[in-house]
Amino acid sequence: MEQINNKLFLWISLLAFLGGGMNAFAILEFSLTASHITGSVTRISTDLAYYNIPHLKIMIGLVVSFFVGAIVSGIIIGSGRDFELRKRYGDTFIFIGVLLKLLDIYLYAEVLFVFILAFSLGLQNGLFIRYRGMVIRTTHMTGTVTDLGVVIGHYLRGNREITWKMKYYAMNILSFITGGLLVGLGLKYLGRGVLNYMSIAYILSGAYYFLLRDRYYKMKR
């Protein structure tokens with residue numbers, strides 16, 4: 001089972017990598033954040049204050065798109081707050097990969113493109129609730145950085161049993177940063193072609209999940 005947990009840890013790090021890449025793509029190509037809903041909600045407030053209606057519509061669109069993605073995630077995964085290998089996570093990431101490819105072909109440079117990115121990230125963010133007692137998010141790092149700080153605080157108070165949590169949170173943050181870095185470099189040198197690689201990476205992450213799930217059930221027999 002420990003081997004499965006290690007492979008699952010790797011898969012979750014891959015998802016954080018993809019989340020960081022998607023965010024970087026939205027920021028660099030559209031000057032918008034697709035998953036940072038706190039900032040988008042704040043911009044709704046300031047846009048209302050300054051009556052910036054065109055920008056207000058975009059912010060509302062991002063928040064609603066992310067929200068709808070989370071709803072769809074709940075429909076796909078069903079009830080229960082624990083991660084389970086029997087659930088259909090793989091299908092979801094293959095779907096996101098195919099969706100990115102379709103966006104690249106038909107909607108590139110359109111505002112709707114960013115809304116669908118936000119939908120995809122809301123879908124991804126809703127897939128993980130709890131795993132081994134930890135709240136897991138792979139599309140933004142506010143909660144992860146907070147959790148890492150809290151865990152370090154517990155460690156400094158003498159709790160040495162949570163070292164593995166520190167490693168997990170640090171790896172998650174590093175994966176997110178690496179995803180953003182590589183997509184940034186990809187846009188710099190490859191242009192929009194980097195989206196093809198992101199699409200393939202999402203599809204491969206879904207395939208990897210199915211291989212992991214198959215191995216898990218073989219071990220249980």
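Here, every reference points to the structure presented above.
Below, the structure is looked at part by part. (Residues numbered from 1 in each chain as written. Predicted model: local features only at pLDDT ≥ 70, side-chain atom pairs only at ≥ 80, totals over all residues. Heavy atoms only, no water.)

### Focus on the pattern of salt bridges
A side chain of one charge can pair with a side chain of the opposite charge if their charged atoms are brought near each other. Selection criterion: Salt bridges are identified by distance alone: a Lys or Arg side-chain nitrogen within 4 Å of an Asp or Glu carboxyl oxygen.
This structure, assessed with the given rule, holds three salt bridges. One connected set of salt bridges, linked through shared partners, spans K101, D104 and R192.

### Considerations on the side chain of S199
The condition is simple: Numbering of helices and strands runs from the N terminus, with a helix taken as a DSSP run of H or I at least four residues long and a strand as a DSSP run of E at least two residues long. As used in this structure description, the phrase polar contact means that two N or O atoms lie within 3.5 Å; if the pair is within protein, one of them must be able to donate a hydrogen and the other to accept it, and residues adjacent in sequence are counted only when both atoms belong to side chains. Only heavy atoms matter for contacts: two residues are in contact if any of them lie within 4.5 Å across the pair.
Counting through the fold element by element, S199 comes out in helix 8 (residues 194-220). Of the polar contacts made by the side chain of S199, one reaches the backbone oxygen of G97; its length is 2.6 Å. Excluding residues within four positions of it along the chain, S199 makes contact with G97, V98, L100 and K101.

### Concerning the environment of I77
In plain terms, the rule: Exposure categories follow from relative accessible area, calculated using a 1.4 Å probe and restricted to protein chains: below 20% of the type maximum is buried, above 50% is exposed, and the middle band is partly exposed.
Turning to its location among the elements, I77 is positioned in helix 3 (residues 53-77). The exposure class assigned to I77 is buried, which follows from its relative accessible area of 13%. In this structure, the C-alpha to C-alpha distance between I77 and T92, residues 15 residues apart in sequence, is 9.4 Å.

### A closer look at the packing of helix 4 (residues 89-106) against helix 5 (residues 111-125)
Cut-off, in case you're wondering: Every axis corresponds to a line fitted to the C-alpha atoms, with the helix fit spanning only the stretch in contact, and the corresponding angles, defined between N-to-C directions, vary from 0 to 180 degrees. Should an angle lie under 35 degrees it is considered roughly parallel, over 145 roughly antiparallel, and from 65 to 115 roughly perpendicular; all remaining angles are considered oblique.
Between helix 4 and helix 5, whose axes approach to 11 Å, the crossing angle comes to 175°. Taken together, the axis directions place helix 4 and helix 5 in an arrangement best described as roughly antiparallel. Residues T92, F93, F95, I96, L99, L100, L103 and D104 of helix 4 form the contact with helix 5, whose own contacting residues are F113, I116, L117, F119, S120, L123 and Q124.

### A closer look at the packing of aromatic side chains
How two aromatic rings sit relative to each other is set out by the distance from centre to centre and by the angle between their planes. Counted only if it meets this: Pairing of aromatic rings covers Phe, Tyr and Trp, the last counted by its six-membered ring, and requires centre-to-centre distances within 6.5 Å; plane angles under 30 degrees mean stacked, over 60 mean edge-to-face, and any other angle means tilted. Each ring is checked for a lysine NZ or an arginine CZ that lies within 6 Å of its centre and within 35 degrees of its normal; such an atom marks a charge sitting over the ring.
Following the criterion strictly, the structure yields 13 aromatic pairs and no others. Seen from their ring centres, F9 and Y168 are 5.5 Å apart, and the 70° between their planes marks the pair as edge-to-face. Of the two residues, F9 sits in helix 1 (residues 2-30) while Y168 sits in helix 7 (residues 163-190), which places them 159 residues apart along the sequence. Counting every residue linked through ring pairs, the aromatic cluster contains W11, Y89, F93, Y202, Y209 and F210. The ring of Y108 has R192 lying over it, and the distance from NZ or CZ to the ring centre is 4.0 Å.

### Notes on helix 4
For clarity, the cut-off: Multiplying one less than the number of residues by 1.5 Å gives the expected span of a helix.
Given a rise of 1.5 Å per residue, 18 residues ought to cover 26 Å, and the 26 Å separating the end C-alpha atoms of helix 4 matches this to within 8%. Within helix 4 the residues assigned to the buried category are Y89, G90, T92, F93, I96, G97, L99, L100, L103 and D104.

### Observations concerning the nonpolar core
What counts is decided by this rule: For our purposes a nonpolar core is just a set of buried Ala, Val, Leu, Ile, Met, Phe, Trp, Tyr and Cys residues, chained together by side-chain atoms within 4.5 Å.
Grouped together as the largest cluster of nonpolar side chains are 56 residues, with contacts concentrated most on W11, F25, F93, L100, F113, L117 and Y202. Sorting the residues of this core by element identifies helix 1, helix 3, helix 4, helix 5, helix 6 (142-156), helix 7 and helix 8 as the ones contributing at least two each. At 10 residues, helix 1 tops the list of elements feeding residues into this core. In this structure, L117 is in contact with M22, F25, A26, A34, L100 and L103, ignoring residues within four places of it in sequence.

### A word on the environment of L18
With respect to the helices, strands and loops of the structure, L18 is situated in helix 1. You can call L18 buried: its relative accessible area is 0%. Considered as a pair, L18 and T178 are 160 residues apart in the sequence and their alpha carbons are 9.2 Å apart. If we ignore the near neighbours within four places in the chain, the residues touching L18 are M198, A201, Y202 and S205.

### Digging into unusual backbone geometry
With a phi angle near 55°, S31 is a residue other than glycine that sits in the positive phi range. Position of S31 relative to the elements: it lies in the loop between helix 1 and helix 2 (37-49). Phi is positive for Y51, close to 55°, though the residue is something other than glycine. You can see Y51 is positioned in the loop between helix 2 and helix 3.

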